[in-house]
Structure formats: C-alpha cells, structure tokens
Amino acid sequence: MTVRNVLFVMADQLRWDHLGCAGHPHLKTPNLDALAARGTRFPNAFVQSGICGPSRMSTYTGRYVSSHGATHNRVPLSVGEVTLGWHLREAGRTLALAGKTHVVPDRQGMRRLAVDGADELAVLLREGWFSVVDRHDGHHAEPDSAYADFLRAQGYGGADPWTDHVIAVTDDAVQTQSGWHMRNARFPAKVADAHSETAYTTDQAIRFIEAQGDRPWVLHLSYVKPHWPYVAPAPWHAMYSAKECLPVSRSPAERGAHPVQDAFMEEEVSRAFQSDDCIDTVRPAYQGLVSQLDHHLGRVWAAMDHGGRWQDTLVVFCADHGDYLGDHWLGEKELFHDCIQKIPFLLYDPDATARGVTDTRLVESIDILPTILEALGLDPALHLMEGRSLLPATRGRQGPWRDAVFSELDWSFRGARRRLGLPIGEHHAWMVRTEAWKYIHWSSGMPPQLFDLAADPEEFFDRGTDPTLEPVREKMREKLLAWFAGLKHRTTMTWAEAERVTDNHKKGGVFYGQW
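Enquirer: Teacher, can you tell me more about the overall build of the protein here?
Expert: The helix and strand inventory of the protein stands at 18 helices and 17 strands. Taking 515 residues into account, the globule formula puts the C-alpha radius of gyration at 24 Å, and the protein, at 23 Å, falls close to it. With respect to the three principal axes, the spread of C-alpha positions in the protein is 95 × 65 × 50 Å. Across the 515 residues in the protein, those meeting the buried criterion constitute 59%. A fraction of 71% describes how many contacts in the protein between residues 6 or more apart in sequence connect residues 24 or more apart.

Dropping the structure here:
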C-alpha cells in the first residue's frame, strides 16, 4: 500500500482524558476508539503551547514557538515561515481546509513584499498556504461567512445567526438565553444538530473527499468544538450528568504556591470555574460536545469506507490543547498542567506493521508535519523541521527517541501580568517535561516551578523552590538550554546547500590564508 492522501483532523480544546480509548469511564467516543483500534494511540503527546494560535502554528510549520514567533492568538505568523501548504505546493499539490486554522495574516510583511492585493499569492499568504474549502474559526460572530449564509438558508434569520442561534439556547421557560453565560450550558442550542458547527464542517469535508474521486488529496479537517461557548444542540446537551464526568482535580496546596498561577486563578473564567455549580453545568455539556464530534467523525469514516480510502490515506487526529474545566482552580487554558499540554493523538498509517497499538513514547505536535512529508515521499526539509516523523514508530523501525518535550507561553497579553504590576515586555515561560519531572522557567524574575510527576501525578505540589531538589532543577535547566541552543534559526538554506558551499572558497577564486 502507498499513502496517496492525508486526512489531518484537529479538535479545538479537547482534553487528552476525554476519550473512551483513553480510559474515560462514561464518555462515549466509539468512532475515535475505532480509529485507535485501526492505528496507533500516543498517550503521551504534548503541544508546543497551551494556546490555540501558537500551538496550531507549531503544528502547521513543524517548528517550536520560539522559532516561528507567533507566540499568542493575536500574533501573526511571519510571511517568511514555511507551512505544510507550501511544502505541498512545492511538490505540485495543495492543502485543503475545512474548518478553523487561527491563522492571522502578516499584513505588515505582505505590504513590505507588495503582495497585499487580491491575487492568488496574496490569498494563499493570508490563509497560511491553505486552499480554503470552507473556513469557520468560531468563537466570535462571522456574519459574512459561508456558514452564516448556510444558517440563513436553513431559516435562522438575523444579521448574526451564530450569536442569535448557534450559541444561543432555549431555557425551561422557552426563553432565549446567551450561551456566553456558562450557567446556560445545560440548555440546548437553538440550532438543530444537523445545522451545528460540527455537522456543517463535517459536511464540507465529506463533500470535498467525495469530489476528489481517485485524485490524491490532503485535507485539514479542523473542528471548533468542544471549545467554548459550551453550547451543544439536542440531544447532546443532555447526554451526560455531572456524576458521569471526571472529578475536578484541585488541591488547597495550589493556592499561594506561585505568583503567576495565583494571578491566573483571579481571571474571570477561573473564578467562575471555582464554583461547583459551574463545573457541574459545563462539564456535562463539554462531554456532550465531544460525543457529538465523535458522532460526526463516524460520517467521515463511512465516507472513507465507501470510497476505499482506508487503503491509501494517512489519518491523524489530535487537539490543539486541553481545557482546565476547573482543575487546579483554573478555567480555559495556557498554563503548563498536563490537562492543557497533553492531547489526544491518534495515527492511522495504512502501511503500518501493527494495529491497535499504544505507543507510550513522548510525542510532540510538531511531529505531525514531518510525518505527513515522509508518508507522501516529499522532501523532509530537515533545515526547517524541529519535529520528527512518527512513521518509524508505526512501521516497526526502532531508533533513538526524545526523552523530553517542550512548551512555551507568552503571557504578555493576559490581565494576570497587570495584576502582578508588570509592564508590557518580555513575559515568557518555558516548560521541559520528562517522564519523571516537569520544570517551568519563568522570565520577569518569577520563581521556577518543579513537579515530581512520579510522586505527584496530579501536579498539586510545586517543588520549584525546594532546596533539596536544586540538583534536579539544574539538570532540567541544562535540558532547556540544550533545547534552546538547538533551535533551527537558519531557514533560508537547506542542509544540502550548506554542504555544497562548505570549504569550497578556492573554487570561487578566494585563496585567503595560503602561504
């Protein structure tokens, strides 16, 4: 068998522990479980940032955040960065998109290069080299989008049908309420399941796959759920009770343990999730959104069956980060706990030597792009890639592997910075995590954090200033420095080109140093 197609599926804000195949005792995800049974599940997969934008840009470039520079949601990816779409274009192929990317165009860089018009190149640059089947980023009103037009065609009127129907609910008094208020997450959305964001994006993907016939294709199917607003249509909104959710994971020992973590606990979303009522309301709806996503992926699997595409298609399923949902007295994401940094990661390789495998090695989201390049037989772009292909793992080729994963946070944009009295500037943090330890280095004079993952897997007890563990912290700092020093900053010359110009000055008529 030969890989001709790639289906790269990403969910937004899906926790690693919210799949049946990951051991959740109540959550029903039969279609994702079936994908795990077909391929390989990596239970120790980690993102390069706990925020949508930088995490996705790392996935799309195969590079760490410190290398590509798009450190937060509002920070554009440089026009000079090379994404999966460009790699495919170099090989005469395209990267199709159905759903969300969070790509923000580098308008300043495009103006500098005089490519800020409406021509094909400008459009591709604005979209990060995705060829858009349909883009819907969710999380805010998009009244001029194709999805908004679709909703109007289904009878959902108004200038902003997303706000008025998709994230609005009908309460017990048959009154419309806003899904922005998490207390309303227990009510059904005003749209039917068939018209929801998840169903709509699935429809676009299936139409694209079926339209390709026997032509090779690469599709990024990127869902906006189970990300907030936590509003699910019927029947998914009522599929689970609070008793069928994972218990909240938090300890009094976490309060006052670190100034930045304390400041994040004061964010509005964190204060809301410190209420048991909020947790008991939102978590069931979140699980309903996960099961809804799984249900519609079953439709994609059926389309793959019908077209015989399991024979020649590489399938990747992952998330861009997790969700606190009240764990550690926090809401949303960003910090470095495993419920944020660790993601579900499933890989189906039609050329794999085994099926239904659980591979416990440490995996990073930057491994996706080099995996796709190898599967399609394309240039591995080693001068750019900081991830590594996972195909040796699926095809029985053993070799040396990483013993640590890395993630980063730019918290310049958060109110937490202001509450700590810090001016705008370089407010960064870096995580290095091994099987046994997690170390976090904070800039701005903040103390480090250290967690003993063997003794404290819940990450309740910060040992960052424990004098007895200074040798451990020193080793972790050394790992962090070695990683930082190994980032690939020379991106305009391939390794083969560098090899050709090595020590050949005399061929160019330059004879310096000759006696």
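Now that the structure has been shown, the text picks up again.
Enquirer: What is the right way to read the nonpolar core from this model?
Expert: Nonpolar side chains tend toward joint burial in soluble globular proteins. Among the nonpolar cores identified, the biggest contains 82 residues, and L7, L297, V300 and F345 are the most heavily contacted of them. Not counting residues within four places of it along the chain, the set of residues in contact with L7 comprises W217, L219, L221, V300, W301, M304, T313, L314, V315 and V316. By size, the runner-up hydrophobic cluster in this structure holds 26 residues, among which are F46, M265, L422 and M446.

Enquirer: How should I be thinking about the pattern of salt bridges in this particular structure?
Expert: Oppositely charged side chains are able to pair whenever their charged atoms sit close together. In total, this model carries 34 salt bridges according to the counting rule given. Notably, a salt bridge pairs R395 with D351, separated by 3.4 Å at the nearest N-O pair. Placement of R395 in the loop between α15 (391-394) and β14 (405-410) and of D351 in the loop between β11 (345-348) and β12 (357-358) is noted, with a sequence separation of 44 residues between them. Of the charged contacts, one joins E374 and R397 as a salt bridge, the two residues approaching to 2.8 Å between their closest N and O atoms. Taken together, the residues span a long stretch of sequence, with E374 in helix α14 (residues 368-375) and R397 in the loop between α15 and β14 at a distance of 23 residues. The structure contains a network of salt bridges with shared partners spanning D12, R56, K100 and D320.

Enquirer: Explain the environment of W437 here, please?
Expert: Relative to the assigned elements, W437 resides in strand β16 (residues 437-442). As a C-alpha pair, W437 and D456 span 19 residues in sequence and 9.7 Å in three-dimensional space. Each residue touching W437, except ones within four places of it in the same chain, is listed here: V432, L450, F451, D452, L453, L469, V472 and M476.

Enquirer: Can you walk me through the sheet that holds strand β13 (residues 363-364) in this structure?
Expert: Two pairing modes exist for strands in a sheet, parallel and antiparallel, and in both the strands are linked by backbone hydrogen bonds. The three strands lie next to each other as β10-β3-β13, forming an open sheet whose pairing is mixed. Two strands lie at the open edges of the sheet, namely β10 (342-343) and β13, each paired on one side alone.

Enquirer: What is the right way to read the sheet that holds β14 from this model?
Expert: Spatial ordering of the open sheet is given by β14-β15-β16-β17, a layout of four strands whose pairing is antiparallel. Both edges of this open sheet fall to β14 and β17 (449-452), since each of them pairs with a single strand only. Adjacent strand axes in the sheet meet at a mean angle of 10 degrees when their direction is disregarded. Looking at chain direction, strand β15 (residues 428-433) and β16 are connected through five bridges and run antiparallel.

Enquirer: Honestly, α14 in this entry has me stumped. Any pointers?
Expert: Because the α-helix completes a turn every 3.6 residues, residues three or four places apart line up on one side. Along α14, seven of the eight residues are buried, which leaves the element largely enclosed by surrounding structure. Along α14, the positions that sit buried rather than exposed are I368, L369, P370, T371, I372, L373 and A375. After α14 finishes, the residue G377 shows a positive phi value of roughly 70 degrees.

Enquirer: In this structure, what is going on with helix α2 (residues 52-61)? I would like to understand it.
Expert: The element α2 is largely enclosed, with a buried count of 10 among its 10 residues. Within α2, the full set of buried residues consists of C52, G53, P54, S55, R56, M57, S58, T59, Y60 and T61. Of the surrounding elements, those touching the buried residues of α2 are β1 (5-12), α3 (65-68), α4 (84-90), β8 (218-226) and α14. At the C-terminal side of α2, G62 shows a positive phi close to 70 degrees.

Enquirer: Help me out: how do you make sense of the packing of helix α9 (residues 197-212) against helix α12 (residues 276-307) in this one?
Expert: Two quantities define a packed helix pair, namely the angle between the helix axes and the distance between the axes. Interaxial distance between α9 and α12 falls to 10 Å at its minimum, and their mutual angle equals 10 degrees. Relative to α12, the element α9 lies roughly parallel. Two secondary-structure elements touch here, α9 through T198, A199, T202, D203, I206, I209 and E210 and α12 through Q292, L293, H296, R299, V300 and A303. Classifying every residue of the contact of α9 with α12 by side-chain character gives six nonpolar, four polar and three charged.

Enquirer: Would you take a moment to explain the environment of W217 for this structure?
Expert: On the secondary structure map, W217 appears in the loop between α9 and β8. It is 9.0 Å that separates the C-alpha atoms of W217 and T313, two residues lying 96 residues apart in sequence. If we skip the residues at most four places from it in the chain, W217 touches R4, N5, V6, L7, R93, F208, I209, Q212, M304, R309 and T313.

Enquirer: It is not clear to me how the packing of aromatic side chains should be interpreted in this structure. Could you clarify?
Expert: Geometry of an aromatic ring pair is reported as the spacing of the ring centres plus the angle between the planes. Counted under the stated rule, the structure contains 21 aromatic pairs. Summarising the aromatic geometry, the rings of F42 and F345 are spaced 5.6 Å apart at their centres and angled 90 degrees between planes, so their arrangement reads as edge-to-face. Remark: F345 occurs in strand β11 and F42 occurs in the loop between β2 (40-41) and β3 (45-46); sequence separation between them is 303 residues. For F42, a relative accessible area of 1% puts it in the buried group. Residue F345 is classed as buried on the basis of its relative accessible area of 2%. Taking 6.3 Å as the distance between ring centres and 90 degrees as the angle between the ring planes, the aromatic pair formed by Y64 and F406 counts as edge-to-face. On the criterion of sequence distance, the pair formed by Y64 in the loop between α2 and α3 and F406 in strand β14 is long-range, its members being 342 residues apart. According to the relative accessible area criterion, Y64 is buried, its value standing at 7%.

The rules behind these values
Here, residues in each chain are numbered from 1, in the same order as that chain's written sequence. The predicted origin of the model limits local features to residues at a pLDDT of at least 70 and limits the giving and counting of side-chain atom pairs to 80 or more, whereas totals for whole chains, interfaces and linings rest on all residues. Neither water nor hydrogens contribute to the side-chain values; these are computed over all heavy atoms in the structure. The way it works is that DSSP assigns letters per residue, a run of H or I at least four long becomes a helix, a run of E at least two long becomes a strand, and they are numbered from the N terminus. Radius of gyration: over C-alpha atoms. The globule rule applied is 2.2 Å multiplied by the number of residues raised to the 0.38 power. Here the term buried applies to any residue with accessible area under 20% of the maximum for its type, exposed to any over 50%, and partly exposed to those in between, with areas from a 1.4 Å probe on protein chains only. Only heavy atoms matter for contacts: two residues are in contact if any of them lie within 4.5 Å across the pair. Buried residues of nine kinds, namely Ala, Val, Leu, Ile, Met, Phe, Trp, Tyr and Cys, make up a nonpolar core once their side-chain atoms join them within 4.5 Å. Between Lys or Arg on one side and Asp or Glu on the other, a salt bridge is scored when a side-chain nitrogen of the former is within 4 Å of a carboxyl oxygen of the latter. Any two strands with at least two DSSP-identified bridges between them are counted as paired. A fitted line through C-alpha atoms represents every axis, and for helices the fit uses only the stretch in contact; the resulting angles, taken between N-to-C directions, go from 0 to 180 degrees. Oblique is the label for every angle not falling under 35 degrees (roughly parallel), over 145 degrees (roughly antiparallel), or within 65 to 115 degrees (roughly perpendicular). Three categories are distinguished: nonpolar for Ala, Val, Leu, Ile, Met, Phe, Trp, Tyr, Cys and Pro, charged for Asp, Glu, Lys and Arg, and polar for the others, with Gly belonging to the last. Only Phe, Tyr and Trp rings are paired, with Trp represented by its six-membered ring, and only when their centres lie within 6.5 Å; those with planes under 30 degrees apart are stacked, over 60 edge-to-face, the remainder tilted.

Geometry only, nothing functional implied.
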